[in-house]
Amino acid sequence: MLTHFLPWQDLYRLFFPALCPACQAEVLAPKSILCPTCHLELPYTRQATEADNAFCEKFWGRLPLEHGAALLFFSKGGRVQHLIHKIKYGGQQELALQLGRMLGERLRQSPDYQDIDLVSPVPLHPRRLRWRGYNQAACLAQGIAETLQKPFEEQALARVQFKKSQTRKGRIERLKNVEESFVVKNPDLLLNKHVLLIDDVLTTGATLEACALPILEVEGTKISMATLAMAI
Ligand SMILES: [Zn+2]
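Computed from a prediction, not measured in an experiment: that's the story for all the values here.

**Student:** Requested: an account of the coordination of the zinc ion, with residues and values cited.
**Tutor:** Taken together, the protein donors to the zinc ion comprise Cys20 (SG), Cys23 (SG), Cys35 (SG) and Cys38 (SG), at separations of 2.3 Å. Every donor counted, the four donor atoms about the zinc ion form angles of 102 to 115° at the centre, which fits tetrahedral coordination. Summarised as a motif, the one-chain spacing of the donors to the zinc ion is C-x2-C-x11-C-x2-C. Within this pair, whereas cysteine 20 is found in the loop between α1 (8–15) and α2 (36–41), its partner cysteine 35 is found in the loop between α1 and α2, the two being separated by 15 residues in sequence. On the basis of relative accessible area, cysteine 20 is assigned to the buried category, the value being 1%. Under the relative-accessibility criterion, cysteine 35 is labelled buried at 2%.

**Student:** Please give an account of the pattern of salt bridges that cites residues and values.
**Tutor:** All chains considered together, the criterion is met by five salt bridges. With its nearest N and O atoms 2.8 Å apart, the salt bridge here joins glutamate 146 to arginine 101. With a gap of 45 residues between them, glutamate 146 in helix α7 (residues 136–148) and arginine 101 in helix α5 (residues 93–108) connect regions that are remote in the sequence. A relative accessible area of 45% places glutamate 146 in the partly exposed class. In this structure, lysine 222 and aspartate 115 form a salt bridge, with 3.4 Å as the shortest nitrogen-oxygen distance. Residue lysine 222 is located in strand β6 (residues 222–231), and its partner aspartate 115 is located in the loop between α5 and β2 (118–121); the two are separated by 107 residues in the primary sequence. With a relative accessible area of 31%, lysine 222 lands in the partly exposed category.

**Student:** Give a description of the nonpolar core that names residues and reports values.
**Tutor:** Core analysis: the biggest nonpolar cluster contains 39 residues, and Leu34, Leu42, Leu72, Leu107 and Leu196 have the highest contact counts within it. Of all the secondary-structure elements, those providing two or more residues to this core are β1 (68–74), α4 (79–89), α5, α7, β5 (194–202) and β6. Residues within four places of leucine 42 in sequence aside, it is in contact with Ala22, Leu34, Thr37, Leu72, Arg79, Val80 and Leu83.

**Student:** Hey, could you go over the environment of glutamate 153 for me, with residue numbers and the actual values?
**Tutor:** Summarising the element assignment, glutamate 153 is placed in the loop between α7 and β3 (157–159). For glutamate 153, a relative accessible area of 16% puts it in the buried group. Residues glutamate 153 and valine 119, 34 residues apart in the sequence, show an inter-C-alpha distance of 5.9 Å. Within the structure, glutamate 153 has its side chain in polar contact with the backbone nitrogen of glutamine 155 (distance 2.8 Å).

**Student:** Can you break down the sheet that holds β2 residue by residue, with the values?
**Tutor:** Pairing in this open sheet of four strands is parallel, and the strands run β1-β6-β5-β2 from one edge to the other. Single-partner strands in this sheet number two, and they are β1 and β2. Taking each pair of neighbouring strands and ignoring which way they run, the sheet shows an average axis angle of 20°. In the sheet, β1 pairs with β6 via six bridges, with the strands oriented parallel. Bridging across to β6, phenylalanine 73 finds its partner in methionine 230. Packing of α4 onto the sheet brings it into contact with β1, β5 and β6, and relative to β1 it is tilted by some 110°.

**Student:** Describe the packing of aromatic side chains, naming the residues involved and giving the relevant values.
**Tutor:** Per the counting criterion, the structure on display carries one aromatic pair. Ring plane angle 35° and centroid distance 6.0 Å describe the contact between phenylalanine 55 and phenylalanine 59, whose orientation is recorded as tilted. The same class applies to phenylalanine 55 as to phenylalanine 59, namely buried.

Procedures and definitions
Residues numbered from 1 in each chain as written. Predicted model: local features only at pLDDT ≥ 70, side-chain atom pairs only at ≥ 80, totals over all residues. Heavy atoms only, no water. Donors = N, O, S within 2.8 Å, 3.2 Å for Na, K, Ca; no water. Tetrahedral: all angles 85-135°; square planar, octahedral: opposite > 155°, others 65-115°. Helix = DSSP H or I, 4+ residues; strand = E, 2+ residues; numbered from the N terminus. Buried < 20%, exposed > 50% of the residue type's maximum accessible area, 1.4 Å probe, protein only. Salt bridge = Lys/Arg side-chain N within 4 Å of Asp/Glu carboxyl O. Core = buried A, V, L, I, M, F, W, Y, C linked by side-chain atoms within 4.5 Å. Contact = heavy atoms within 4.5 Å. Polar contact = N/O pair within 3.5 Å; in protein donor to acceptor, adjacent residues only side chain to side chain. Pairing = 2+ DSSP bridges. Axes fitted to C-alpha atoms, helices over the stretch in contact; angles between N-to-C directions. Phe/Tyr/Trp six-rings, centres within 6.5 Å; stacked < 30°, edge-to-face > 60°.

Below is the structure:
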């Protein structure tokens, strides 16, 4: 009888055990993405249910942020950095989607994220998108949108390159401007909407701020943010 055989996935796992993307230990539970240790012990934040948390503090005096949360704290060389590296450079779109679902689950349990209208990722530079083939922030955003049961909207923003009046600025500043300028592609899409902006990592907040400001210029918009990790 067929039932006596192992399903092919189990057979495959026997020879090629799934390894934890954060620490490389074997993942024992077939449906889990992380090993049991990381599942319990990664540096998870409690920001989804904390008002005025460290995430929101980053934006004080910069823009009116409704709510903000990261799933994890990130430090150089740690397990969370491995995860980020895998979704950014390792081609692991499915991992990004699943991590997005984990973050989405935290947000779903918080009353703060119930009135979100749209989930939008920080756009990747078109050149980088061509080279990498996918936007890791979009994969995260898809997982979050799915879990929150809210619309995923990838076309809200576009990166732009300012070419005018850059000549007198220093090279670094010019490059920074090119990297971090965004425009709203279709204001009607955002009118009176509460937008949840998604990125992989929050460090200085410059990129998220540059995305949020043009959105906030559209009438009636509100901004919340979520990232996979936040630098400490
Ligand atoms: Zn692990």
